[in-house]
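Breakdown of the fold
So you can see what is in the structure, the chains are spelled out below.
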Amino acid sequence: MTRPNAAAGPEELIKIYRTSTLIKQTDESIRGLLRRGRLQANYYSPRGQEIVAAAMAATLQPDDYVVTIYRGLHDHLAKGVPLKALMAEYFGKVDGSCKGKGGCMHITHPEAGVMVTTGIVGSGMPIANGLALASQERKDGRVTVTNFGDGATNIGSFHESMNLASLWKLPVVFLCQNNLFAEHTATELCTAGNIVDRAKGYAMPGILVDGNDPEAMYAAAREAVDRARDGEGPTLIEARTFRFEGHNYGDPSSYIPKEMMAEAKANDPVPKLRALLIERGIATEDEVAKIDADAATEIAEAVTFAQESPYPDVAENLSDVYAHVLENA
Ligand SMILES: Cc1ncc(C[n+]2csc(CCOP(=O)(O)OP(=O)(O)O)c2C)c(N)n1
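All values reported here derive from a predicted model rather than from experimental measurement. (Residues numbered from 1 in each chain as written. Predicted model: local features only at pLDDT ≥ 70, side-chain atom pairs only at ≥ 80, totals over all residues. Heavy atoms only, no water.)

**A look at the overall build of the protein chain**
We count it as follows: Here a strand is any run of E in DSSP of at least two residues, a helix any run of H or I of at least four, and the numbering for each starts at the N terminus. It is over C-alpha atoms that the radius of gyration is taken, and the globule rule equals 2.2 Å times the number of residues to the power 0.38. Throughout this description, buried means an accessible area under 20% of the type-specific maximum (1.4 Å probe, protein chains only), exposed means over 50%, and partly exposed covers the range between. Should any heavy atoms of two residues lie within 4.5 Å, those residues are considered in contact. Here the positive residues are Lys and Arg and the negative ones are Asp and Glu; neither His nor the chain ends is included. Positions of charges follow a simple convention, taking NZ of Lys, CZ of Arg, CG of Asp or CD of Glu.
Broken down by element type, the protein chain carries eleven helices and eight strands. Taking 2.2 N^0.38 as the reference for a compact globule, 329 residues should give roughly 20 Å; the C-alpha atoms of the protein chain span a radius of gyration of 19 Å, in line with that estimate. Dimensions along the principal axes, computed over C-alpha positions, put the protein chain at roughly 60 × 50 × 40 Å. For the protein chain, the residues scored as buried account for 53% of the 329 residues in total. Partitioning the intrachain contacts of the protein chain with sequence separation of at least 6 by distance along the chain shows that 75% fall at a separation of at least 24. Looking at charge distribution, the protein chain has the averaged site of its 32 positive side-chain charges lying 1 Å from that of its 44 negative ones.

**Let's talk about the environment of alanine 306**
Locating alanine 306 in the fold gives a position in helix α11 (residues 285-308). Residue alanine 306 is classed as buried on the basis of its relative accessible area, which comes to 0%. Spatially, the C-alpha atom of alanine 306 lies 23 Å from that of threonine 68, the residues being 238 residues apart in sequence. Here alanine 306 is in contact with Met87, Ala88, Phe91 and Lys93, once residues within four sequence places are set aside.

**Some details on the UniProt feature "domain: Dehydrogenase E1 component" (unreviewed entry) in the protein chain**
Quick reminder of the rule: UniProt positions are given in the numbering used here, feature names are shortened, and annotations may be inferred rather than shown by experiment.
Look at the UniProt record and you will see "domain: Dehydrogenase E1 component" (unreviewed entry) annotated at residues 28-314. Secondary structure content for residues 28-314 is 43% helix and 13% strand, while the C-alpha to C-alpha distance between its ends is 32 Å.

**Some words on the sheet that holds strand β7 (residues 206-210)**
Convention followed: One requirement defines pairing of two strands: DSSP has to find at least two bridges between them. Convention adopted: a line fitted to C-alpha atoms gives each axis, helices being fitted over their contacting stretch, and angles between N-to-C directions are expressed from 0 to 180 degrees.
Sheet architecture is open: six strands sit in the order β2-β1-β3-β4-β8-β7, paired in parallel fashion. Each end of this open sheet is capped by a strand with a single partner; those strands are β2 (114-118) and β7. Pairwise comparison of adjacent strand axes, ignoring direction, gives a mean angle of 15° for this sheet. One ladder, built from four bridges, connects strand β1 (residues 65-69) with β2; its direction is parallel. Note that in β2 the partner of valine 67 across the bridge is valine 116. Strand contacts of helix α2 (residues 50-57): β3 (144-149), β4 (172-178) and β8 (235-240), with the helix running at about 165° to β4, the strand carrying the most contacts. Lying over the sheet, helix α6 (residues 156-167) contacts β3, β4 and β8, oriented at roughly 150° with respect to β4.

**Quick notes on the site of the ligand**
Let me state the cut-off plainly: A cutoff of 4 Å decides nearness: a residue is near a molecule or strand if any of its heavy atoms lies inside that distance of it. Two N or O atoms form a polar contact when they lie within 3.5 Å of each other; inside protein one atom must be a possible hydrogen donor and the other a possible acceptor, and for residues adjacent in sequence the pair counts only when both atoms belong to side chains. Using the Shrake-Rupley algorithm and a 1.4 Å probe, accessible areas are obtained, with residue cover drawn only from the displayed protein chains. Under this grouping Gly is polar, as are all residues other than the nonpolar Ala, Val, Leu, Ile, Met, Phe, Trp, Tyr, Cys and Pro and the charged Asp, Glu, Lys and Arg.
The ligand sits among 15 residues. The nearest are Tyr70, Arg71, Gly119, Gly151 and Phe181. The separation between an oxygen atom of the ligand and a polar side-chain atom of arginine 71 is 2.8 Å. At a separation of 3.0 Å, an oxygen atom of the ligand approaches a polar side-chain atom of asparagine 179. Protein chains bury 72% of the 580 Å² of accessible surface belonging to the ligand in isolation. Here the shell around the ligand is built from residues that sort into seven nonpolar, five polar and three charged.

**Section: unusual backbone geometry**
Residues other than glycine seldom take positive phi values, yet lysine 99 does so here, at roughly 55°. Mapped onto the secondary structure, lysine 99 falls in the loop between α4 (83-90) and β2. A positive phi is found at alanine 203, a non-glycine position, where the angle reads about 55°. Following the sequence through the fold, alanine 203 ends up in the loop between α7 (198-201) and β7. On the basis of relative accessible area, alanine 203 is assigned to the exposed category, the value being 66%.

**Re the pattern of salt bridges**
So the rule is basically this: In what follows, salt bridge is the name for a side-chain nitrogen of Lys or Arg lying within 4 Å of a carboxyl oxygen of Asp or Glu.
The final tally for this structure, using the stated rule, is 20 salt bridges. When the shortest N-O distance is used, the salt bridge between glutamate 316 and lysine 99 registers 3.8 Å. Of this pair, glutamate 316 sits in the segment after α11 while lysine 99 sits in the loop between α4 and β2, and the two are 217 residues apart along the sequence. With a closest N to O distance of 3.1 Å, aspartate 226 and arginine 222 form a salt bridge. Residue aspartate 226 and its partner arginine 222 are located together in helix α8 (residues 214-229), separated by four residues, close to a single helical turn. Taken together, the salt bridges that share partners define one network made up of Lys24, Glu28, Arg47, Glu50 and Asp268.

**Quick look at the nonpolar core**
How we decide: Working definition of a nonpolar core: buried Ala, Val, Leu, Ile, Met, Phe, Trp, Tyr and Cys residues. They are joined through side-chain atoms within 4.5 Å.
In this structure, Ile16, Met56, Val173, Leu175, Met217 and Ile237 are the most contacted members of the largest nonpolar core, which totals 33 residues. For this core, the leading source of residues is α8, giving seven residues. With near-sequence residues (within four places) excluded, isoleucine 237 lies in contact with Met56, Val173, Phe174, Leu175, Cys176, Ile207, Val209, Ala220, Ala221 and Ala224. Core analysis: the second largest hydrophobic core is formed by 25 residues, Leu73, Leu77, Cys104 and Ala302 among them.

Shown next as structure tokens:
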């Protein structure tokens, strides 16, 4: 079945701008806190990749599931993890999404549908299949999106998961956020052929998309999500994007050619979308300025909340270690 390509309308584009602005500013705030020694954390900036997450989330229902990786701030915020719970988790405080015990690499917030954030490359995909299988069995209509980088497509679990998801027609979307580097290695030096072509080997559609183009990214996401929800099985999306920062905070990214970085920053997708909204008359300068200002206020409040939240009690070290055994299970 081919379905009409549901295009992003003005409402969706504003939503994508609001989400990507919140992500961009939160990332800048976190890096500022780290720089000033106000926060100690391992941090993996998604700066530059905002549109991928914001456009994908604009096609999802609140109860759909998302699985992501350590570079996940954009995916967490886009899916609706409350900023206060996210920030408190970064600070290791009791009001964090995992009571301060997960840290920023392991954000989990089931109420927002963020089921797991993993630091082990490629480990999220089999988990996503499990979530999707549960949805299929329960017929709850949920879709699971699993986010991963280009480097993860060379891990065995990527291939195993794609195979099983296709065979069982699981309602899952494999979203490869190809930022052109896996840690310090250019994708072209460690990946044979095009990532999107790997979909063919597992009999599923593959969509190659400019992940920094909100309209193209929305259309690709819409197609894959609708397909999964309609019971037609998984899709692999390869969203080409770029990260403006090093692999993790503190990495000077000297392995990225200066011209490449300069070109990417000149095409920063968030201000580009801002300009597009004004150019097309979708929003006025005042309206986008209000979106920017609202994000700044929300972030300042979340940072204060996180700083004032207490550290977890020592006894917390022993709680949430094992799952509760269900009576009569
Ligand atoms: C199984 C495994 N091998 C190696 C690592 C070390 N490692 C951490 S991040 C990373 C690069 C992953 O790159 P990619 O999947 O492209 O994601 P990106 O960081 O670019 O978003 C590696 C090799 C790991 N965490 N897990």
